[in-house]
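What follows is each chain in one-letter form.
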Amino acid sequence: EAEVAQSPRYKITEKSQAVAFWCDPISGHATLYWYRQILGQGPELLVQFQDESVVDDSQLPKDRFSAERLKGVDSTLKIQPAELGDSAMYLCASSFRDRGSYTFGSGTRLTVV
Amino acid sequence: GNSVTQMEGPVTLSEEAFLTINCTYTATGYPSLFWYVQYPGEGLQLLLKATKADDKGSNKGFEATYRKETTSFHLEKGSVQVSDSAVYFCALRFSGGYNKLIFGAGTRLAVHP
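Only a predicted model underlies this, so the values are computations on that prediction, with no experimental measurement involved.

Colleague: In this structure, what is going on with the interface of chain A and chain B? I would like to understand it.
Modeller: It is common to report an interface's size as the accessible area lost on association of the parts. Counting from both sides, the interface comprises 25 residues of chain A and, opposite them, 20 residues of chain B. Of the roughly 1,700 Å² buried where chain A meets chain B, counting both sides, 49% is carbon and sulfur surface. At the junction of chain A with chain B, the criterion picks out 0 salt bridges. Our count for the contact surface shared by chain A and chain B stands at 5 residue pairs in polar contact (both at pLDDT 80 or more). Here the side of chain A that touches chain B is built from residues that sort into 9 nonpolar, 11 polar and 5 charged.

In C-alpha cells:
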C-alpha cells in the first residue's frame, strides 16, 4: 500500500536553531498538506500545495516558517529560528486532487529545548 | 466559521462495551464528514466518511451517520476491543476549490481487558 514518507521521525533542537522536515507524498498526488498538531489538540493546516504552488498558507507563521515544493513532488518545511512553542507533531498528507480523502504520513515529532 | 466539536476524553471502557463518541459541527453549507484514528506515535488514518446527509459510513465495526438536522456525526461501535485504544478525530471538509480538512480536538479512547 502506498504511503506518505516523512523524515525524520523525531527531532530535538535548541531554541533559536534552524530545523527542517521532509515529506514525500504518494506518487501522483498533486495536493500536499502540512499540518501541525500540538499535544492534546487536533491538527491545524499550516500550508497546502497544489503541484508546486501554494494555495493556502494563511495559518503559516511566515516570519519563521517556510515551505517549498519545487518540482511538485516532495516538500520541505523549515523553521528558523525555532521557538519553544513550536514543539509539536508535524504531519504531512497528500491527496489525488483537492478533494477526497487524505493519506497522512507518520509525522515528525519536534521538541524544542 | 466552520468548526468541529467533540466530546472530551478520555473515554474509558471495558472490552466488549458499546462505544459512542459524540461529534457536532458548525458549517455554512454541506460538508463531507470524516472520522480519523491516531494510534500512539503514528499519523492519522481514515476510519470512515460520509459525503451527504443520511449517509452512513462504516469500517472495522465502527459506524457513523451524517445527521443534517442535528449537525452531528457520532461514532459508534457495538463491542470495543483493547486494540481500539487510540485517539479519534472528527473532521469536516467542503468539496470544490482548495478546501482543507478541519479537525476537532480529538477524543482519547482507552479500552481495558
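So that's the structure; there's more coming.
Colleague: Looking at this model, I keep getting lost on the state of the cysteines. Mind explaining?
Modeller: One covalent bond between the sulfur atoms of two cysteine residues makes up a disulfide. Residue and element names in this part refer to chain B. Tallied over the full model, the rule gives 2 disulfides over all chains. Each sulfur in the disulfide pair Cys-23 and Cys-90 lies 2.0 Å from the other. Across the disulfide from Cys-23 to Cys-90, rotation about the S-S bond amounts to roughly -70°, and the bridge is consequently left-handed. Taken together, the residues span a long stretch of sequence, with Cys-23 in strand 4 (residues 23-26) and Cys-90 in strand 10 (residues 86-93) at a distance of 67 residues.

Colleague: How do you make sense of the packing of aromatic side chains when you look at a structure like this?
Modeller: Note on aromatic pairs: each is described by the distance of the centres and the angle between the planes. Going through the model one piece at a time under the given rule, you end up with 13 aromatic pairs over all chains. When the centroid spacing of 6.1 Å and the interplanar angle of 55° are considered together, the rings of A:Tyr35 and A:Tyr102 count as tilted. A residue pair is termed long-range when its members are at least 10 positions apart, and A:Tyr35 in strand 4 (residues 31-37) and A:Tyr102 in the loop between strand 9 (88-95) and strand 10 (103-104) qualify at 67 residues. Comparing A:Tyr35 with A:Tyr102, the two get one shared label, buried. On the numbers, 5.6 Å between centres and 85° between planes, the contact of A:Phe104 with B:Tyr36 is edge-to-face. Highlighted residues: A:Phe104 in strand 10 and B:Tyr36 in strand 5 (residues 32-38), drawn from two different chains. Across this residue pair, the class does not change: A:Phe104 and B:Tyr36 are buried.

Definitions and limits used
- Residues numbered from 1 in each chain as written.
- Chains lettered and ligands numbered in written order.
- Predicted model: local features only at pLDDT ≥ 70, side-chain atom pairs only at ≥ 80, totals over all residues.
- Heavy atoms only, no water.
- Contact = heavy atoms within 4.5 Å.
- Buried area = accessible area lost by both parts, 1.4 Å probe.
- Salt bridge = Lys/Arg side-chain N within 4 Å of Asp/Glu carboxyl O.
- Polar contact = N/O pair within 3.5 Å; in protein donor to acceptor, adjacent residues only side chain to side chain.
- Nonpolar A, V, L, I, M, F, W, Y, C, P; charged D, E, K, R; others polar.
- Disulfide = S-S within 2.5 Å.
- Helix = DSSP H or I, 4+ residues; strand = E, 2+ residues; numbered from the N terminus.
- Phe/Tyr/Trp six-rings, centres within 6.5 Å; stacked < 30°, edge-to-face > 60°.
- Buried < 20%, exposed > 50% of the residue type's maximum accessible area, 1.4 Å probe, protein only.

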